Amino acid sequence: MIDPIARCPEWLIDRIVNRGGSISFYEYMDLVLNDPENGFYATGKLKIGKSGDFCTSPSLSNDFARLLAIQVVDWLLDLEKSKIDSELFSIIEIGPGEGTLSRDLIMEIVEIAPALTNKIELILVELNFGMRRRQEKVVNNLKDVNCRWSNIEDLILRPVNGVIIANEVLDAFPVERLIFSGSKVFRQGVSLKKINDVYFLEFVDLKPTSEIIEFLEESNSLLKIEFPPKHICDRWVTEWHCDVQSWLAKLSKVLINGSLLIVDYAMESKRYYNAMRNDGTLISYRDQVATPNLLKDAGLCDLTAHLCIESTINYALTNGWKFMGETRQGQALLALGLSTFLYSLQNISSNDLSAALNRRESLLRLVDPMGLGDFRWMAFQKDNSNDLILGKRFLEEPIS
Ligand SMILES: C[S@@+](CC[C@H](N)C(=O)[O-])C[C@H]1O[C@@H](n2cnc3c(N)ncnc32)[C@H](O)[C@@H]1O
């Protein structure tokens, strides 16, 4: 696919020139999202929610957090019941965005399991200061439960027992874009093009790194993923979520005992690395509008890429995690009781009709198979003792 030409903002011209005139797509994605002075997340310009750039499940209403709390409470009680010697259990949210999931989750846990109140703490792990500033305003109102921000490196020094949640954060990790053309593989790069004294961005083909070659070989030998798949056209583009492996390795050192729940855009390798998907999964979002033009309005749009399910599970298994199971968000939320929430709306008085209709719409969006309902929930467990049994209510039959 040929991207329409896109103007390069001043700040990015400097970054690209300073790095020798062209950068990898990975570096480009990292800069436009996380550059401390200009990245969309780093500056906090990006807004999540119905009136923001895009919606996430927790931004629709507190129902997502209320349902997730049921599973989290199960896990905390399982940890408490086990013989683990821990006075405090940590609930860690990675990439908390606006902070609403953390806030609503803690409020619901305290509501449904008040005995846990003094035994839990909330830890937020946020890369970008612009987002953290907004989280502070939302989460600091929590009175009953201790709350702090940390980073993975500091947590590794003082590992914890508890639950880690990563909702829609891995899709914002920078990815390598890989190009298969003729019989060759390239690493996608981004370069400057000057037309009448104005700088534009354009894609260029760079030499693949040894890590890329290793990823392709390992995916083939371990997971039987064929790169490129058979019957591709003359140019086939895909992505590699190259930071997920080291992220899972570090996280396994953060948690002594407990669970990790990843919720994100994800698909099986057969669908991901399919000849028909010849431009990968990357998409750009701004003001609720999605576009495949990844170079447009650099630093003013979100970029998001799907995860490959088998690769993610494999990375987890090779880094000390046990796989608990995986399902679509729609199934998971129905198993946790979403239909009972819908049913309860029948009892709402006619004065609250508009609020009830809004809530109904948000609940349906959470399970919509064409939208958030297609997200994947992937759960993993870490235990030192080998006898920790964590429930899997989110994988059970839906409650009707
Ligand atoms: C799409 S938002 C998800 C927000 C939230 N979890 C939700 O569901 O509404 C991604 C969040 O992850 C943060 N982030 C991106 N990369 C990160 C990283 N490596 N570690 C921690 N946070 C990160 C972003 O700054 C942002 O707050």
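A. Quick peek at the overall build of the protein chain. A tally of helices and strands in the protein chain yields 14 helices and 18 strands. The globule rule puts the C-alpha radius of gyration for 400 residues at 21 Å, and the 22 Å found for the protein chain is close to it. Once the C-alpha set of the protein chain is aligned to its principal axes, its extents read approximately 65 × 50 × 40 Å. Buried positions account for 56% of the 400 residues belonging to the protein chain. Of the contacts made within the protein chain by residues no fewer than 6 positions apart, 77% connect residues no fewer than 24 positions apart. Working note: accessible area of the protein chain is about 18,500 Å², and carbon and sulfur atoms make up 50% of it.

B. Expanded view of the site of the ligand. With respect to spatial proximity, 19 residues lie near the ligand, and among them Thr-56, Gly-95, Glu-126, Asn-128 and Asn-167 are the closest. In the model, an oxygen atom of the ligand is placed 2.9 Å from a nitrogen or oxygen of the Asn-128 side chain. When isolated, the ligand has an accessible area of 600 Å², and the protein chains bury 94% of it. Here the residues of the shell around the ligand sort into eleven nonpolar, five polar and three charged.

C. Structural context of a negative patch on the surface. Where like charges cluster on the molecular surface, the negative patch consists of Glu-211, Glu-214, Glu-217 and Glu-218. Among the structural elements, Glu-214 can be located in helix H8 (residues 210-223).

D. Looking closely at the sheet that holds strand S3 (residues 89-94). With mixed pairing, the seven strands of this open sheet are ordered in space as S5-S4-S3-S6-S11-S18-S17. Pairing within the sheet leaves two strands with one partner each, and these edge strands are strand S5 (146-150) and strand S17 (322-328). Between one strand axis and the next, the sheet turns through 15° on average, direction left out of account. Of the strand pairs in this sheet, S3 and strand S6 (residues 160-167) are connected by four bridges, and their pairing is parallel. Paired with Ser-90 across the two strands is Gly-162, which belongs to S6. Sitting on the sheet, helix H4 (residues 63-81) is in contact with S3, strand S4 (120-125), S6, strand S11 (255-264), S17 and strand S18 (376-382), with an inclination near 160° to S6.

E. Summary view of the side chain of Gln-329. If you trace the backbone, Gln-329 turns up in helix H12 (residues 329-335). Assessed through its relative accessible area of 0%, Gln-329 is described here as buried. Here the side chain of Gln-329 touches Leu-366 through a polar contact of 3.3 Å, landing on its backbone oxygen. Each residue touching Gln-329, except ones within four places of it in the same chain, is listed here: Ser-57, Phe-64, Val-263, Leu-366, Leu-372, Gly-373, Phe-375 and Trp-377.

F. Structural context of the packing of aromatic side chains. For the structure shown, the criterion picks out 15 aromatic pairs. With a centroid separation of 4.5 Å and 45° between ring planes, the pair formed by Tyr-265 and Phe-375 is classed as tilted. Of the two residues, Tyr-265 is situated in the loop between S11 and strand S12 (266-267) and Phe-375 in the loop between helix H14 (353-367) and S18; the sequence distance between them amounts to 110 residues. Among the aromatic residues, ring-to-ring pairing joins Phe-180, Phe-215, Phe-227, Trp-236, Trp-240, Tyr-272 and Tyr-273 into one connected group.

G. Inspection of the packing of H8 against helix H11 (residues 309-317) at higher detail. Contact geometry of H8 with H11 gives a least axis separation of 12 Å together with a crossing angle of 90°. Taken together, H8 and H11 sit at an angle that is classed as roughly perpendicular. Every residue of H11 that contacts H8 at Phe-215, Leu-222 and Leu-223 is listed here: Glu-310, Ser-311, Asn-314 and Tyr-315.

H. Looking closely at the pairing of S11. Counting buried positions along S11 gives nine out of ten residues, so the element sits mostly inside the fold. In the sheet, S6 pairs with S11 via eight bridges, with the strands oriented parallel. Across the sheet, residue Ile-165 finds its bridge partner in S11, namely Leu-261. Here S11 pairs with S18 via seven bridges, running antiparallel. Considered in S18, the bridge of Val-263 is made with Trp-377.

How each quantity is defined
Residue numbers here run from 1 along each chain, matching the order of that chain's written sequence. Note on the predicted model: pLDDT of at least 70 is required for a residue's local features to be given, and 80 or more for side-chain atom pairs to be given and counted; whole-chain, interface and lining totals, by contrast, use all residues. The basis for every side-chain value is the complete set of non-hydrogen atoms in the structure, without hydrogens or water. What counts as a helix is a DSSP run of H or I of at least four residues, what counts as a strand is a run of E of at least two, and both are numbered from the N terminus. When we talk radius of gyration, it's over C-alpha atoms, and the globule rule is simply 2.2 Å times the number of residues to the 0.38. Burial status follows relative accessibility: with a 1.4 Å probe on protein chains alone, a residue under 20% of its type maximum counts as buried, one over 50% as exposed, and anything between as partly exposed. Contact definition: two residues touch when any of their heavy atoms are within 4.5 Å. For accessible areas, the Shrake-Rupley method is used with a probe of radius 1.4 Å. Any residue's cover is judged against the shown protein chains and nothing else. By convention in these notes, a residue is near a molecule or strand provided one of its non-hydrogen atoms lies within 4 Å of it. Within 3.5 Å is the distance limit for a polar contact, defined as a pair of N or O atoms, with the added protein rule that one can donate a hydrogen and the other accept it, and that residues adjacent in sequence qualify only through two side-chain atoms. When residues are sorted by character, Ala, Val, Leu, Ile, Met, Phe, Trp, Tyr, Cys and Pro go into the nonpolar class, Asp, Glu, Lys and Arg into the charged class, and all the rest, Gly among them, into the polar class. Residues with no salt bridge and a relative accessible area higher than 30% make up the patches, which join like charges within 9 Å and nonpolar side chains (Val, Leu, Ile, Met, Phe, Trp, Tyr) within 5 Å. Within this document, salt bridges are pairs made up of a side-chain nitrogen of Lys or Arg and a carboxyl oxygen of Asp or Glu, the two lying within 4 Å of each other. Note on charges: Lys and Arg go in the positive column, Asp and Glu in the negative column, and His and the chain ends are not counted at all. Note that the charge is assigned to NZ on lysines, CZ on arginines, CG on aspartates and CD on glutamates. Strands pair, by our definition, only if DSSP identifies at least two bridges between them. Angles shown run from 0 to 180 degrees and are taken between the N-to-C directions of axes, each axis being a line fitted to C-alpha atoms and, for helices, limited to the stretch in contact. Aromatic rings from Phe, Tyr and Trp, taking only the six-membered ring of Trp, are treated as a pair when their centres fall within 6.5 Å; an angle between ring planes under 30 degrees marks them as stacked, one over 60 as edge-to-face, and anything in between as tilted. Roughly parallel means an angle under 35 degrees; roughly antiparallel, over 145; roughly perpendicular, 65 to 115; everything else is oblique.

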